[in-house]
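The chain contents come next:
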Amino acid sequence: MIAKKAEDRKQFMAMLLKDDVFDKFLVRSVSLRTNVTYEIDCAIDENWYDSEDRTELEKYAFWSEIRPVVFNLIKGSRLPGYMKIILSAAPSAAEKIHRNAAALFINITFENGAIGVTTGCSQKVFALDKSLDQAWDEVVEKFFKKHGVILSE
């Protein structure tokens, strides 16, 4: 499990909220505290879609769909007091990373002026072996390195 802080807060927030770097991740939930607290459950409501569109839906919304909403909630001159975004790899991507991956998470928190990044995994079948954790952490570290994000202890 990775549990680190992003070194360059401004770069990370721009990448998260303005760029498309995280757009292919599913977003499980967003918690945001500005002048009020927002809790966004990002589970897809299949009933909202036409029957032919339902077959291609993921269980959760992609970050590309939620990002503009979050950006509009926090844009302005004041930083949010708190923010937590739980992202996950799409099921097809998780399967490619490890055969026992049920879900692979990146948790991003903003609190007290610092951005924390943690990873987590959910297994299809319980196993004591840590190869799933190791595989996911390697993928996440390569992802951040590719995009020039420096994470520190």
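Starting afresh in each chain, residues are numbered from 1 along the sequence in its written order. For a predicted model such as this one, the threshold for reporting local features is a pLDDT of at least 70, and the threshold for listing and counting side-chain atom pairs is 80 or more; totals across whole chains, interfaces and linings nevertheless cover every residue. To get the side-chain values, all heavy atoms of the structure are used, and hydrogens and water are removed first.

**Concerning the overall build of the protein chain**
Alright, step 1. What the protein chain contains, in helices and strands, is 5 helices and 7 strands.
Alright, step 2. The helix and strand labels rest on DSSP assignments: H or I over at least four residues marks a helix, E over at least two residues marks a strand, and numbering proceeds from the N terminus. Each helix and strand of the protein chain, placed in order from N terminus to C terminus, yields the pattern β-α-β-β-α-α-β-α-β-β-α-β.
Alright, step 3. All radius of gyration figures rest on C-alpha atoms, and the globule criterion is 2.2 Å times the number of residues raised to 0.38. Taken over C-alpha atoms, the radius of gyration comes to 16 Å for the protein chain, in line with the 15 Å a tight globule of 153 residues would show.
Alright, step 4. Projecting the C-alpha coordinates of the protein chain onto the three principal axes gives extents of approximately 45 × 45 × 25 Å.
Alright, step 5. Classification of residues uses two cut-offs on accessible area relative to the type maximum, computed with a 1.4 Å probe and protein chains only: under 20% is buried, over 50% is exposed, and between them is partly exposed. Each of the 153 residues in the protein chain was classed as buried or not, and the buried ones make up 39%.
Alright, step 6. Contact criterion: two residues are considered in contact whenever any of their non-hydrogen atoms come within 4.5 Å of each other. Within the protein chain, residue pairs in contact and separated by at least 24 positions form 65% of the contacts whose partners lie at least 6 positions apart.
Alright, step 7. Accessible areas in this description were obtained via Shrake-Rupley with a 1.4 Å probe; residue shielding takes into account the shown protein chains only. When the accessible surface of the protein chain is summed, it comes to about 9400 Å², and 50% of that surface belongs to carbon and sulfur atoms.
Alright, step 8. Distance from the positive charge centre (21 side chains) to the negative charge centre (23 side chains) of the protein chain: 6 Å. Neither His nor the chain termini are counted; the positive set is Lys and Arg, and the negative set is Asp and Glu. Each charge is placed at NZ for Lys, CZ for Arg, CG for Asp and CD for Glu.

**Here's the deal with the packing of aromatic side chains**
Alright, step 1. Any Phe, Tyr or Trp ring, taking Trp's six-membered ring, that has another such ring centre within 6.5 Å forms a pair; planes under 30 degrees apart are called stacked, those over 60 apart edge-to-face, and the others tilted. In the structure shown here, the tally under the stated rule is 7 aromatic pairs.
Alright, step 2. Look at Phe-12 and Phe-22: their rings are 5.9 Å apart centre to centre, the planes differ by 55°, and that puts the pair in the tilted class. Highlighted residues: Phe-12 in helix α1 (residues 9–17) and Phe-22 in the loop between α1 and β2 (26–33), separated in sequence by 10 residues. Note on accessibility: Phe-12 and Phe-22 belong to one class, buried.
Alright, step 3. Ring centres of Phe-22 and Phe-144 lie 6.1 Å apart, and the angle between their planes is 55°; on these two criteria the pair is classed as tilted.

**Points about the sheet that holds strand β3 (residues 37–41)**
Alright, step 1. Reading across from one edge, β3-β2-β4-β5-β6-β1-β7 is the order of the 7 strands in this open sheet, with antiparallel pairing throughout. In the strand order of this sheet, the two ends are held by β3 and β7 (151–152), each with one partner.
Alright, step 2. Whether two strands pair depends on DSSP finding at least two bridges between them. In this structure, β2 lies alongside β3, joined through 5 bridges in antiparallel fashion. When the bridges of β3 are listed, Leu-32 appears paired with Tyr-38.
Alright, step 3. For helices, the fitted axis covers only the stretch in contact; all axes are lines through C-alpha atoms, and the angles between them, taken along N-to-C directions, range from 0 to 180 degrees. Here α1 sits on the sheet in contact with β1 (3–6), β4 (82–88), β5 (101–111) and β6 (114–123), set at roughly 50° to β6.
Alright, step 4. Its contacts with the sheet place helix α5 (residues 131–146) against β1, β5, β6 and β7, and it is angled at close to 145° to β6.

**Concerning the environment of Tyr-49**
Alright, step 1. In this structure, Tyr-49 sits in the loop between β3 and α2 (51–54).
Alright, step 2. Counting along the chain gives 33 residues from Tyr-49 to Leu-16, while the straight-line C-alpha distance between them is 27 Å.

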